[in-house]
Amino acid sequence: MNELKEALKEKGLVLGRDKTLKKMRAGDIKKVFLASNCPKHIEETVEYYAKLNKVKVSKLEINNKELGIRCKKPFSVMVLGY
């Protein structure tokens, strides 16, 4: 959870699957966080691109609604990268 707190302070924070994958393909992401209830196909896609670009993936113990709250957003967040 400390890693998540540090990530939330970063300027280049990216929310959402599509934006995170796009930034991962460009090599602009260092680490990705996945919500605990992330669907398997999204998780596999993120892990595939993470392997290609040597990006760390961390599966959180909180669900997407809680992750959205921690990001101070009025919506749920499934994938978060920085």
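That block above? That's the structure.
The rules behind these values
Residues numbered from 1 in each chain as written. Predicted model: local features only at pLDDT ≥ 70, side-chain atom pairs only at ≥ 80, totals over all residues. Heavy atoms only, no water. Helix = DSSP H or I, 4+ residues; strand = E, 2+ residues; numbered from the N terminus. Rg over C-alpha atoms; globule rule 2.2 N^0.38 Å. Buried < 20%, exposed > 50% of the residue type's maximum accessible area, 1.4 Å probe, protein only. Contact = heavy atoms within 4.5 Å. Lys, Arg positive; Asp, Glu negative; His and termini not counted. Charge placed at Lys NZ, Arg CZ, Asp CG, Glu CD. Axes fitted to C-alpha atoms, helices over the stretch in contact; angles between N-to-C directions. Parallel < 35°, antiparallel > 145°, perpendicular 65-115°, else oblique. Left-handed = near helix turned anticlockwise from the far one by under 90°. Nonpolar A, V, L, I, M, F, W, Y, C, P; charged D, E, K, R; others polar. Pairing = 2+ DSSP bridges.

Participant: Help me understand the overall build of the chain in this model?
Facilitator: A tally of helices and strands in the chain yields 4 helices and 4 strands. Ordered by position from the N terminus, the helices and strands of the chain form the series α-β-α-β-α-β-α-β. For a compact globule of 82 residues, the expected C-alpha radius of gyration is about 12 Å, and the chain comes in at 11 Å, within 12% of that figure. With the principal axes as the frame, the chain shows a C-alpha extent of 30 × 30 × 20 Å. Buried residues in the chain amount to 37% of all 82 residues. When contacts within the chain are restricted to residue pairs at least 6 apart in sequence, those whose partners lie at least 24 apart make up 73%. When the 19 basic and 10 acidic side-chain charges of the chain are each reduced to a single mean position, those positions are 4 Å apart.

Participant: Before we go on, may I ask you to explain the packing of helix H2 (residues 17–26) against helix H3 (residues 40–53) in this structure?
Facilitator: In a pair of packed helices, the angle between the axes and the distance between the axes together describe the arrangement. Here H2 crosses H3 at 15°, and the two axes come no closer than 9 Å. The orientation of H2 relative to H3 falls into the category roughly parallel. When the axes of H2 and H3 are compared, the crossing they make is left-handed. Only Ile-42, Thr-45, Val-46, Tyr-49, Ala-50 and Asn-53 of H3 make contact with H2, whose side of the interface consists of Arg-17, Leu-21, Met-24 and Arg-25. Tallied by class, residues from the contact of H2 with H3 come to 6 nonpolar, 2 polar and 2 charged.

Participant: Would you mind showing me how to read the sheet that holds strand E2 (residues 31–34) here?
Facilitator: The pairing of strands in a sheet comes from backbone hydrogen bonds and takes either a parallel or an antiparallel form. As summarised here, the arrangement of the 4 strands in space is E1-E4-E2-E3, forming an open sheet in which the pairing is mixed. Among the strands making up the open sheet, the edge pair consists of strand E1 (14–15) and strand E3 (56–59). As paired strands, E2 and E3 are joined by 4 bridges and run parallel to one another. Directly across from Phe-33, in E3, lies its bridge partner Ser-58. Along the sheet face, helix H1 (residues 2–9) touches E2 and strand E4 (79–81) and points at about 115° away from the line of E2. Sheet contacts for H3: E2, E3 and E4; angle to E3, the most-contacted strand, approximately 155°.

That is the geometry; function is a separate question.
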